[in-house]
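This is what each chain is made of:
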Amino acid sequence: HDEHRHCPNLIPDDQDRSEFRQRLIGQDTVPVKVKYIGADIVRHHESLVHFWNEWYKEYVDADFPRIIVRYEDLVFRPKETTKQVCECFGGTLKKRFQYVVDTAKKGDTAHGAMNLRTGYLEAIIRYGTDKNRYSGMTKEDLIYAKDKLSRHMMDFFGYRDPPDELMQ
């Protein structure tokens, strides 16, 4: 992850095309390949948006009991969300709720440099406003996401499209 580049990379820009020339030949989007460890399965997706749509559709449409917890609910309502999850499984929340403020990503193999990892306060700042939430995305990325994200999944999770002014 490079804080000076657009992220997530949905539509390749000139820097992407230069750096990943072979991988992006003939591609209008940045493709995603997922290898499942322990299984001989590789899935190819047109973009990260397509991966997101397909990944969560499998959970939403599953015919077995499951619980889905949104990241932003843990960030903005951690105590209430944790209480609901505990009660769902027949438990109760301890009287003393402890906020974890450090990044959960530890060690040398974690994603990105230590100064780029998001702790609790950084997550609130980063995801608390549209301006910050979409800051790493280009206008082309935002337009593509709005067009290709599954309406069913967006509605299911209570997500809204990026503000129109960011796509102009």
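These numbers come from a predicted model, not from an experiment.

Caption draft 1: Spatial organisation of the overall build of the chain. Secondary structure summary: the chain contains eight helices and two strands in total. In the chain, the succession of α and β elements from N to C terminus is α-β-β-α-α-α-α-α-α-α. Looking at the 168 residues of the chain, the share that counts as buried comes to 27%. In the chain, the share of contacts with a sequence separation of at least 24, taken over all contacts with a separation of at least 6, comes to 42%.

Caption draft 2: How the structure looks around the pattern of salt bridges. This model, assessed by the stated rule, comprises nine salt bridges. Close ionic contact of Asp-61 with Lys-57 constitutes a salt bridge, the shortest N to O distance being 2.5 Å. A relative accessible area of 44% places Asp-61 in the partly exposed class. Through salt bridges that share partners, Arg-70, Glu-72, Asp-73 and Arg-77 make up one connected network.

Caption draft 3: The packing of helix H2 (residues 48–60) against helix H7 (residues 139–148), seen in detail. Following both chains from N to C, one finds H2 and H7 inclined at 30°, their axes separated by 10 Å at the closest point. Viewed along their axes, H2 and H7 adopt a mutual orientation that is roughly parallel. Viewed along their axes, H2 and H7 form a crossing whose handedness is right-handed. Taken together, the residues of H7 that come into contact with H2 (itself represented by Val-49, His-50 and Asn-53) are Tyr-144, Ala-145 and Lys-148. Class assignment of the residues belonging to the contact of H2 with H7 gives a composition of three nonpolar, two polar and one charged.

Caption draft 4: Here's a closer look at the environment of Phe-97. Here Phe-97 is to be found in the loop between helix H4 (78–88) and helix H5 (120–127). C-alpha separation for the pair Phe-97 and Thr-82, spaced 15 residues apart in sequence, amounts to 9.3 Å. The contacts of Phe-97, once residues within four sequence positions are left out, are Pro-78, Lys-79 and Thr-82.

Caption draft 5: Broad picture of the packing of aromatic side chains. This model, assessed by the stated rule, comprises eight aromatic pairs. Between Trp-52 and Tyr-159, the aromatic rings sit 6.3 Å apart at their centres with planes inclined by 40°, giving tilted as the arrangement. Remark: Tyr-159 occurs in the segment after helix H8 (151–157) and Trp-52 occurs in helix H2; sequence separation between them is 107 residues. In textbook terms, an aromatic cluster arises when at least three aromatic residues are bridged by ring pairs, as seen for Trp-52, Tyr-56, Phe-156, Phe-157 and Tyr-159.

Calculation notes
- Position labels on residues start from 1 in each chain and follow its written sequence.
- Residues qualify for local features only when their pLDDT is at least 70, as the model is predicted, and side-chain atom pairs are given and counted only at 80 or more; totals for whole chains, interfaces and linings, by contrast, use all residues.
- Only hydrogens and water are set aside; all other atoms, that is, all heavy atoms of the structure, feed into the side-chain values.
- The helix and strand labels rest on DSSP assignments: H or I over at least four residues marks a helix, E over at least two residues marks a strand, and numbering proceeds from the N terminus.
- Burial here depends on accessible area, computed with a 1.4 Å probe over protein chains only, as a share of the maximum for the residue type. Under 20% is buried, over 50% is exposed, and the range in between is partly exposed.
- The criterion used for residue contact is that any of the two residues' heavy atoms lie within 4.5 Å.
- Salt bridge, as used here: a side-chain nitrogen of Lys or Arg that lies within 4 Å of a carboxyl oxygen of Asp or Glu.
- In this analysis an axis means a line fitted to C-alpha atoms, helices contributing only their contacting stretch, and an angle means the value between N-to-C directions, from 0 to 180 degrees.
- Angle categories are assigned with fixed cut-offs, so that under 35 degrees is roughly parallel, over 145 is roughly antiparallel, 65 to 115 is roughly perpendicular, and the rest are oblique.
- With the far helix as reference, a near helix turned anticlockwise by less than a right angle produces a left-handed crossing, and one turned clockwise produces a right-handed crossing.
- Residues are grouped as follows: nonpolar covers Ala, Val, Leu, Ile, Met, Phe, Trp, Tyr, Cys and Pro; charged covers Asp, Glu, Lys and Arg; every other residue, Gly included, is treated as polar.
- Paired rings are identified among Phe, Tyr and Trp, the last through its six-membered ring, by centres lying within 6.5 Å, and are further divided according to the angle between planes into stacked (under 30 degrees), edge-to-face (over 60) and tilted (the rest).

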